[in-house]
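Architecture and fold: a report
Take a look at the letters that make up each chain.
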Amino acid sequence: MNNIVAIVGRPNVGKSTLFNRLIQRREAIVDSVSGVTRDRNYGKSEWNGKEFSVIDTGGYIRGSDDVFEGEIRKQVELAIDEADVIIFVVDVEEGITPMDDAVAKLLRKVTKPVILAVNKVDNAMREKDAVEFYNLGLGEYYTFASISGSGTGDLLDALIESFPVKPEPTQEEIELPRFAVVGRPNAGKSSFINALIGKDRYIVTDIAGTTRDSIDTKFDRFGFEFNLVDTAGIRRKAKVKEDLEFYSVMRSVRAIEHADVCILIIDATRGFEGQDQNIFWLAEKNRKGVVILVNKWDLVEKDTMSTKEYEAKIRKELMPFTDVPIIFTSAITKQRLLKALEETVKVFESRKQRIATSKFNDYMLKLIEAYPPPALKGKYVKIKFCMQLPTPTPQFVFFANLPQYVKDPYKRFLENKIREHWDFSGVPIDIYIREK
C-alpha cells in the first residue's frame, strides 16, 4: 500500500510546479497518448527508496473568486479524508492571506501530519520573510523554490519521515486476490456489491484495511474466494455532491492501488464518459487488470443500441489498450453477475501467468523473422532472443542489436501478437527492447 500525499493551498502558490517536480523523477506522466490531462492530478514519486502517490488539488477550481473559497475548502476537506500526509503550500511573496488562514484553520484540527511548505524562497532576504508563517499555528515550516528546486530535498526528507507506519499484510491477505469495484458516482457500484453479497451477507470477516475507508470484504461464494476492496465512496456518505472527475479519481486512487483487478462499472444510460476513462487509465497506469461492466443494461432500448455497437464504441475510446473484457449486466435484475465474476477471476489468473522462455521464443522469433522491425537509416534490427521478466505483472523483454530503432508501432505489433496467442485479456502488458 502506497502512502498518499495531497498538495493543498490556494490558487497560484505553485502547487502544480511542486507536483511536477515531485513526479518528474519518472516521466510516466508526460505521455504521448492524447488526453494526458487525465494525469494532471495524480502521479507517483519516490524519495530515498520510499514510493508514494501524489495528488495535486490544483487546477480544479473554475469560476470567480467568491466561488474559490468554497471549492478550496471542499478540496482540503477531501484531501484530509483521503491522504496520509498533507503538504500545505503558501507563497512568501504574498505572505499570509485570508484564504491561507481559512485553510490553516481546517488543517489545525487534523490529526494527520501536515507539512507547511513556503514557496518562492530563493534568496536570503526571503528566508527572513518566511518567518511570518509561524503565525499560521502549524509549527515548523520548510522553505523551497519549486521552479529551481532548491530546498525540495529537505521538504521530501520531512515528508518521508512523517509517513505513518503501516502494518505488514498477513500471509492470508496476500494470497487472496483483491478486486476493487470502481466507477463514477451513481453508476451502480453499491447495488453491484449488494447483489453479489446477497441480502443474507455471506461475509466471513470485515478486515478493516489500513485506512478506515478501504475495507476488505472477504467473499466466498459460488466457488469463488477473493477480497472485495470497497471504494471509499461506498461506505461513506459523500460530502461532495458535484459530479466532478477530481472527486471520483481521488476516491478511486486508493482502491485501485490496493487491488489486483479493477471492476470498472459504467452506466449504460450515460455511456463511457470522460470520468470513466480517467478511472480506466488510472487502473491501466497502475498496471492492474481491468474488467468493464456496463451496468443498468435493462434500462437501455435494445433495438437502438445492440451490444455489439455499444461495445465497439467503448473499445474505440480505449485505444490502444482494447483487449478488455466488456460485460453487460444489471445489478437490479442480477443479470450476468456470475459471468462478471468469472471474467474477473480469469483476468486475475492471466495477470499472473508465466510463459516458458523456450515456448515464447519458438513462437515469437518465427513471427519476428517473418515481420522484422522496419529498417531505419539503412540499418537492420535483429531480434535474437526474448523472454518474460519475473515481475508481478506481465512484462516481456526482447534483445536486439539496435534497440533504439524499434519504435512504438512495432512494440504494439509484438504486444498484439502476444495477446493473440496467449490470453492476456484485461491485463496491461509492458514490452521492453534491450541491447543484447
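An unreviewed UniProt entry lists the protein under the name GTPase Der, with Flavobacterium macacae given as the organism. Note on the protein: under the UniProt heading Sequence similarities (unreviewed entry), the record states "Belongs to the TRAFAC class TrmE-Era-EngA-EngB-Septin-like GTPase superfamily. EngA (Der) GTPase family."

Across the sheet, which stays open at both edges, the three strands sit in the order 14-15-16 with mixed pairing between neighbours. Every other strand in the sheet has two partners, leaving strand 14 (383-388) and strand 16 (430-435) as the edge strands with one partner each. Pairwise comparison of adjacent strand axes, ignoring direction, gives a mean angle of 20° for this sheet. By the bridge criterion, five bridges tie strand 14 to strand 15 (residues 395-400) in an arrangement that is antiparallel. Note on strand 15: the bridge partner recorded for M387 is V397. Against the sheet, helix 13 (residues 357-370) engages strand 14 and strand 15, with an angle of about 140° to strand 14. Sheet contacts for helix 14 (residues 408-421): strand 14, strand 15 and strand 16; angle to strand 16, the most-contacted strand, approximately 125°.

Here we take up the packing of aromatic side chains. Inspection of the entire model under this criterion finds 17 aromatic pairs. Arranged with centres 5.6 Å apart and planes meeting at 55°, the rings of F52 and F163 form a pair that is tilted. Here F163 lies in the loop between helix 5 (152-161) and helix 6 (171-175) and F52 lies in strand 3 (residues 50-56), a separation of 111 residues in the sequence. Neither F52 nor F163 differs from the other in exposure class; each is buried. Taken together, a centroid distance of 5.9 Å and an interplanar angle of 75° make the contact between Y310 and F328 edge-to-face. Of this pair, Y310 sits in helix 11 (residues 307-318) while F328 sits in strand 13 (residues 326-328), and the two are 18 residues apart along the sequence. An aromatic cluster of at least three residues, connected via ring pairs, comprises F360, Y363, F396, F398, W422 and F424.

On to the nonpolar core. Of all hydrophobic cores here, the largest spans 55 residues; its most connected members are F88, L107, F280, I292, V294 and I314. Apart from residues no more than four positions distant in its own chain, F280 is found in contact with L264, F272, V290, I292, L318, F321 and V324. Core analysis: the second largest hydrophobic core is formed by 45 residues, C386, F396, A400 and L414 among them.

Before going further, it helps to spend a moment on the pattern of salt bridges. Evaluation of the coordinates by the stated rule reveals 15 salt bridges. Here E273 makes a salt bridge to R270, at a shortest N to O gap of 3.2 Å. The exposure class assigned to R270 is partly exposed, which follows from its relative accessible area of 40%. Among the ionic pairs, E415 bridges to R419, the shortest N-O distance being 3.0 Å. Here R419 and E415 lie together in helix 14, a separation of four residues that amounts to about one turn. An identical accessibility class is assigned to E415 and R419; each is buried. One connected set of salt bridges, linked through shared partners, spans E93, D122 and R126.

Another aspect to go through is the sheet that holds strand 6 (residues 141-143). As summarised here, the arrangement of the six strands in space is 2-3-1-4-5-6, forming an open sheet in which the pairing is mixed. Two strands lie at the open edges of the sheet, namely strand 2 (42-47) and strand 6, each paired on one side alone. Here the average twist between neighbouring strands, direction ignored, is 30°. The pairing of strand 4 (residues 85-91) with strand 5 (residues 114-119) spans six bridges and is classified as parallel. Bridging across to strand 5, V90 finds its partner in V118. Where helix 3 (residues 98-108) meets the sheet, it contacts strand 1 (3-8), strand 4 and strand 5, and its direction lies at approximately 160° from that of strand 4.

For residues with low pLDDT, the predicted coordinates do not support detailed interpretation. Looking at the protein as a whole, its pLDDT mean stands at 79, while 79% of the residues score no less than 70. Within the model, pLDDT remains below 50 along residues 25-39, and this stretch shows 19 contacts once partners closer than five positions in the same chain are excluded.

Definitions and cut-offs
Residues numbered from 1 in each chain as written. Predicted model: local features only at pLDDT ≥ 70, side-chain atom pairs only at ≥ 80, totals over all residues. Heavy atoms only, no water. UniProt positions renumbered as here; feature names shortened; annotations may be inferred. Pairing = 2+ DSSP bridges. Helix = DSSP H or I, 4+ residues; strand = E, 2+ residues; numbered from the N terminus. Axes fitted to C-alpha atoms, helices over the stretch in contact; angles between N-to-C directions. Contact = heavy atoms within 4.5 Å. Phe/Tyr/Trp six-rings, centres within 6.5 Å; stacked < 30°, edge-to-face > 60°. Buried < 20%, exposed > 50% of the residue type's maximum accessible area, 1.4 Å probe, protein only. Core = buried A, V, L, I, M, F, W, Y, C linked by side-chain atoms within 4.5 Å. Salt bridge = Lys/Arg side-chain N within 4 Å of Asp/Glu carboxyl O. pLDDT = per-residue confidence, 0-100.

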